[in-house]
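# What the coordinates show
Listed here are the chains, written in short residue letters.
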Amino acid sequence: MPTIVRTHLTALRALLVMTVLCGIAYPLLITGISQAVFSDKANGSIVKSDGKEVGSSLLGQNYKLPKKNPDDPKEDPVPDPKWFQPRPSANNYAGDNSGASNLGPNSDDLLKAVNDRRAAVAAFDGVDPASVPADALTASGSGLDPHISVAYAKEQVNRVAKERNLPVETVAKLVDQYIEGRSLGFLGQEGVNVVLLNKAVSEAK
């Protein structure tokens, strides 16, 4: 058999072996381990309520009322007062379009957006504009962060309790239950996962 033919056959056998090992056996092994050890995380940390999938604990989402005119692209949806609201999102929480606004601290557009949001959030939650937390005014770097600060969560307690006819103490306890500590114990600040908190609120009685 000519050398060139033997060389090609050797290469073909190596290709087939590596395809089976790396393209079939290894992915199946890793999938099996992930499903057995931490299936929830491997499947996207899906959040369910009443047996229905309502989101992922890793991704934030909007909690807004339906538009009065769905065909009007200029109409902005209004936040639903029955839900804890997430922080602003530069991409409207679109999972296929992660990103920030890219507006710098000297941007007049950013300053106007912050001031407008401060007035809107204060009026929505019935609080002093000076007390509105920073994360209620600025978007995260990904536009998909499901967390808000503890201060912003507590600011919304009275509104949510009133809209749902729940005792303020009940809603406040839910906020405390869903406070998550700093990453690795020292990175960042404590936060509240809005998706998980809203699920708990919807199931509260």
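Check the entry above for the structure.
In what follows, the accompanying structure is described. (Residues numbered from 1 in each chain as written. Predicted model: local features only at pLDDT ≥ 70, side-chain atom pairs only at ≥ 80, totals over all residues. Heavy atoms only, no water.)

One open sheet accounts for three strands, arranged β3-β5-β4; its pairing is antiparallel. Two strands close off the open sheet at either side, each with one partner strand: β3 (147–149) and β4 (179–180). With three bridges joining them, β3 and strand β5 (residues 191–193) adopt antiparallel strand pairing. Each residue of the ladder has a partner; that of Ile148, found in β5, is Val192. (Pairing = 2+ DSSP bridges. Helix = DSSP H or I, 4+ residues; strand = E, 2+ residues; numbered from the N terminus.)

Our next topic: the environment of Leu58. Structurally, Leu58 can be placed in the loop between β2 (52–56) and α2 (108–125). A relative accessible area of 53% places Leu58 in the exposed class. The spatial distance from the C-alpha of Leu58 to the C-alpha of Ala139 is 16 Å, given a sequence separation of 81 residues. Setting aside anything within four residues of it in sequence, one finds Leu58 in contact with Gly44, Ser45, Leu144 and Pro146. (Buried < 20%, exposed > 50% of the residue type's maximum accessible area, 1.4 Å probe, protein only. Contact = heavy atoms within 4.5 Å.)

This next bit is on the pattern of salt bridges. In this structure the tally under the stated criterion is four salt bridges. Where Asp145 meets Arg87, a salt bridge forms, and the shortest distance between an N and an O atom there is 4.0 Å. Within this pair, whereas Asp145 is found in the loop between α2 and β3, its partner Arg87 is found in the loop between β2 and α2, the two being separated by 58 residues in sequence. According to the relative accessible area criterion, Asp145 is partly exposed, its value standing at 23%. Across the pair Asp125 and Arg159 runs a salt bridge, and its minimum N-O distance is 2.6 Å. (Salt bridge = Lys/Arg side-chain N within 4 Å of Asp/Glu carboxyl O.)

For the rest of this paragraph, the subject is unusual backbone geometry. Not every positive phi belongs to a glycine, and Asn92 is a case in point at roughly 60°. Relative to the elements of secondary structure, Asn92 occurs in the loop between β2 and α2. Note on Asn92: relative accessible area 49%, which makes it partly exposed. Positive phi is not limited to glycine here, since Asn165 has a value of about 55°. Mapped onto the secondary structure, Asn165 falls in the loop between α4 (157–164) and α5 (168–177). Overall, the relative accessible area of 71% leaves Asn165 in the exposed class.

Purely spatial values, then, with no claim about function.
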